[in-house]
Amino acid sequence: MAAADSSLSEDQFLCSICLDVFTDPVSTPCGHNFCKNCITDHWNINAHYQCPNCNKVFDTRPELQVNTLVSEMVSHFRQSAQQRASSSEQQAAEPGDVPCDVCTGPKVKALKSCLVCLVSYCETHLEPHLTASGLKRHQLIDPVENLEGRMCTKHDKLLELFCNTDQMCLCMLCTVLDHKSHDVVPLKEEYERKKSKLGKTGAEIQQMIKERRLKIQEFKDSVSISRAIADREIANRNHVFTKLKEAIERNQAKLIESTEEKHRMTEKQAEGFIKELEQEISELEKRSDELEQLLFSEDHLNLVQKFPSLDAASPTKNWTQVKVCLPSYEGTVRTTVDQLVEMFKNEMKKLLTEFELKTVQQSAVDVTLDPDTAHPRLILSEDGKQVHCAHVRKNLPENPKRFSRGLCVLGKQFVSSGKFYFEVQVKGKTNLALGVVRESVNRKGPITVNTNNGYWTIWSINENICHSVTESLVRLSQKSKPEKVGVFVDYDEGLVSFYDVDAAALIYIYTGCSFTGKLHPFFSPCANQDGENSAPLIICPVNYT
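Rules of the game
- Residues numbered from 1 in each chain as written.
- Predicted model: local features only at pLDDT ≥ 70, side-chain atom pairs only at ≥ 80, totals over all residues.
- Heavy atoms only, no water.
- Salt bridge = Lys/Arg side-chain N within 4 Å of Asp/Glu carboxyl O.
- Buried < 20%, exposed > 50% of the residue type's maximum accessible area, 1.4 Å probe, protein only.
- Helix = DSSP H or I, 4+ residues; strand = E, 2+ residues; numbered from the N terminus.
- Polar contact = N/O pair within 3.5 Å; in protein donor to acceptor, adjacent residues only side chain to side chain.
- Pairing = 2+ DSSP bridges.
- Axes fitted to C-alpha atoms, helices over the stretch in contact; angles between N-to-C directions.
- Expected span 1.5 Å × (residues − 1).
- pLDDT = per-residue confidence, 0-100.
- Contact = heavy atoms within 4.5 Å.
- Patch = residues over 30% accessible without salt bridge, like charges linked within 9 Å, V, L, I, M, F, W, Y side chains within 5 Å.
- Areas by Shrake-Rupley, 256 points an atom, 1.4 Å probe, with all protein chains shown as cover.
- Lys, Arg positive; Asp, Glu negative; His and termini not counted.
- Charge placed at Lys NZ, Arg CZ, Asp CG, Glu CD.
- Parallel < 35°, antiparallel > 145°, perpendicular 65-115°, else oblique.
- Left-handed = near helix turned anticlockwise from the far one by under 90°.
- Nonpolar A, V, L, I, M, F, W, Y, C, P; charged D, E, K, R; others polar.

Student: Would you mind showing me how to read the pattern of salt bridges here?
Tutor: Any two side chains of opposite charge can pair if their charged atoms end up close together. Going through the model one piece at a time under the given rule, you end up with 14 salt bridges. Close ionic contact of Glu257 with Arg264 constitutes a salt bridge, the shortest N to O distance being 2.8 Å. A relative accessible area of 36% places Arg264 in the partly exposed class.

Student: Help me out: how do you make sense of the side chain of Ser27 in this one?
Tutor: Considering the arrangement of structural elements, one finds Ser27 in strand β1 (residues 25-27). Within the structure, the side chain of Ser27 is placed 2.9 Å from the side chain of Asn67, a separation counted as a polar contact.

Student: Got a minute to help me understand the sheet that holds strand β20 (residues 484-490) in this structure?
Tutor: Within a beta sheet, neighbouring strands are joined by backbone hydrogen bonds and run either parallel or antiparallel to one another. Pairing in this open sheet of seven strands is antiparallel, and the strands run β12-β13-β24-β15-β20-β21-β22 from one edge to the other. With partners counted over all chains shown, the strands left at the sheet margins are β12 (378-380) and β22 (505-510), one partner each. For this sheet, the mean angle separating the axes of adjacent strands, direction not counted, is 20°. Here three bridges tie β12 to strand β13 (residues 386-389), and the two strands are oriented antiparallel to one another.

Student: Help me understand the sheet that holds strand β14 (residues 409-410) in this model?
Tutor: Strand order across the open sheet formed by six strands is β14-β23-β16-β17-β18-β19, with antiparallel pairing between neighbours. The open sheet terminates on both sides in strands that have one partner only, identified here as β14 and β19 (474-475). As defined by bridge partners, strand β18 (residues 464-467) adjoins β19 across two bridges and the pair is classed as antiparallel. The residue of β19 that forms the bridge with Cys466 is Arg475.

Student: Looking at this structure, I do not really get helix α6 (residues 187-295). What am I missing?
Tutor: An α-helical turn contains 3.6 residues, so a residue and the one three or four places further along point in the same direction. For α6, with 109 residues, the first-to-last C-alpha span of 155 Å sits near the 162 Å given by 1.5 Å per residue. The set of residues buried in α6 consists of Glu190, Asn236, Val240, Leu244, Ala247, Thr266, Phe273, Glu280, Arg287 and Leu294.

Student: Is there a simple way to explain the confidence of the model for the protein chain in this structure?
Tutor: Interpretation of this model should avoid reading the predicted coordinates in detail wherever pLDDT is low. When pLDDT is averaged along the protein chain, the result is 85; 94% of the residues meet or exceed 70. Counted against residues more than four places away or in other chains, residues 1-7, with its pLDDT under 50, gives six contacts.

Student: Can you walk me through the side chain of Ser363 in this structure?
Tutor: Here Ser363 is to be found in the loop between α8 (332-360) and β12. Among all residues touching Ser363, those that are not within four sequence positions of it are Lys419, Phe420, Tyr421 and Phe488.

Student: How should the environment of Asn395 be read in this particular structure?
Tutor: Tracing the backbone through its elements, the reader meets Asn395 in the loop between β13 and β14. A residue is classified by how much of its surface remains accessible, and Asn395, at 79% relative accessible area, is exposed. Sequence separation of Asn395 and Lys243 is 152 residues, and the distance between their C-alpha atoms is 55 Å.

Student: Looking at this structure, I do not really get a positive patch on the surface. What am I missing?
Tutor: Residues Lys243, Arg250, Lys254 and Lys350 make up a contiguous surface patch of positive charge. Of the residues forming the positive patch, the biggest block, three residues, is contributed by α6. Inspection of the secondary structure assignment puts Lys350 in helix α8. Its relative accessible area of 47% is what places Lys350 among the partly exposed residues.

Student: Any chance you could explain the pairing of β22 here in plain terms?
Tutor: Put simply, side chains in a regular strand alternate between the two faces of the sheet. With five bridges joining them, strand β21 (residues 495-500) and β22 adopt antiparallel strand pairing. Bridge pairing in β22 places Val496 opposite Tyr510. Connecting β21 to the antiparallel partner β22 that follows it, the hairpin turn spans four residues, and Ala504 within it adopts a positive phi of roughly 50°.

Student: Sorry, what's going on with the environment of Leu69 here?
Tutor: Following the sequence through the fold, Leu69 ends up in helix α3 (residues 68-89). Spatially, the C-alpha atoms of Leu69 and Ser328 are 133 Å apart, while their sequence positions differ by 259 residues.

Student: Explain the packing of α6 against α8 to me, please; I cannot follow it from the model alone.
Tutor: Each pair of packed helices can be summarised by the angle the axes make with each other and by the distance between the axes. The interhelical angle for the contact between α6 and α8, taken along N-to-C directions, is 150°, at an axis separation of 10 Å. In terms of orientation, α6 and α8 fall into the roughly antiparallel class. Taken as a pair, α6 and α8 cross one another with a handedness that is right-handed. Here Glu233, Asn236, His239, Val240, Lys243, Leu244, Ala247, Ile248, Arg250, Asn251 and Leu255 of α6 come into contact with α8, specifically with Thr332, Thr336, Leu340, Met343, Phe344, Glu347, Met348, Leu351, Glu354 and Phe355. Among the residues making up the contact of α6 with α8, the classes are represented as 11 nonpolar, five polar and five charged.

See below:
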């Protein structure tokens, strides 16, 4: 039977009606097997007595006979399946697992440990503790090793109490004999307390891990930032050295060209003298040939007639004192070095200003105009980025923030600490004012623009740029008229600077300023002078490149 069972599969013991393993298998006259209840219910429902497998129809209801062989085979199959399932469910003990103390063969992984028996049991050997009334009262726990260590070495009793006084585990006898009047609690209570404490400790450890991971990320971010700064610094230095190298090469080319030009003038002078001498030599050689012919001539009349012209002084130049003027290079190296030093100073000044501008541009703020502060003659664009002056004064409601005399408007944004930067297009403007002002400046009376009154601005009057430290505007020297002006504020350092953005040049800088309160961007397009100053002031996005 065992050999037969090993070659049989579950499919061979399935009823074709319920599709489950046979229960009380019976056979029909045609030789097919079914569960007794299945074929009975099938014939009770249907009008014809027909075999579900071969569809053979019987005239009368067949008498069903129990198939003894199939019943025995099914019973044996069920037992084998249960044994296989039972053996597969119990896992063999692996390193780190607690093995069953009862298994005599290969040790199976223990399912529970008994604190009374001090033995660990697998599922099979644990069954008496689950069924026998005497054993069911034993205390079972998840499998643990060294069960003897859970017993009091002095009294050979289970450790189930905890002494807070001596901080040790006790058995029941310990409390009566050795720890009388001590603070003793059930071991489970101490377990819960320590477990709670461990939970808090675990949470604290997780928090410490989280904080340290955040710190690691902070350090990594610092390295990334440092890398970006280093790359930017390297790029800036390469840019500076490239510009200086180009400037040196330009000056070197100019020096070479100047030297070559001197040489060319000397060469041209010498070539002129040589050409003149060669012409004289040609004339002299011609006269020499004529003289030689007359010396050998026997024609008396011809010699006498030509003698006066040949004997006269030759029409040539006295070349004794004639010399080529060699160019002087004395002091050229010193002059070149002086020029190079001056060039270095100018180039470095320009490069430093360019670098400084790129740095302050990192503090750019998206500035928009505040319509509540605009003078009634000022027209603001819908996006709050442009302002120009109209001829007609608008009828606007009174507002304490509005300028009533000066053609001015402020930006909504402000700076009260740190750094602040914005850029304004001034192309086409002859008159204008830009800068920052204290939020508390007078907006209803005449405006006196100077630093004492809270104005840090520059003005363009008939295309002449001025600053306003004192009561009167002071004109600034300028090489070119800017088309885009950058305004930078370092509130903490007390600094306001203005830049010609396109030329990367510093226009003017206020230093040592004492700021109080908020500073707002300040704009004045000034009056429209018959169309000559009609262009708007335009707040531009900063081009960081």
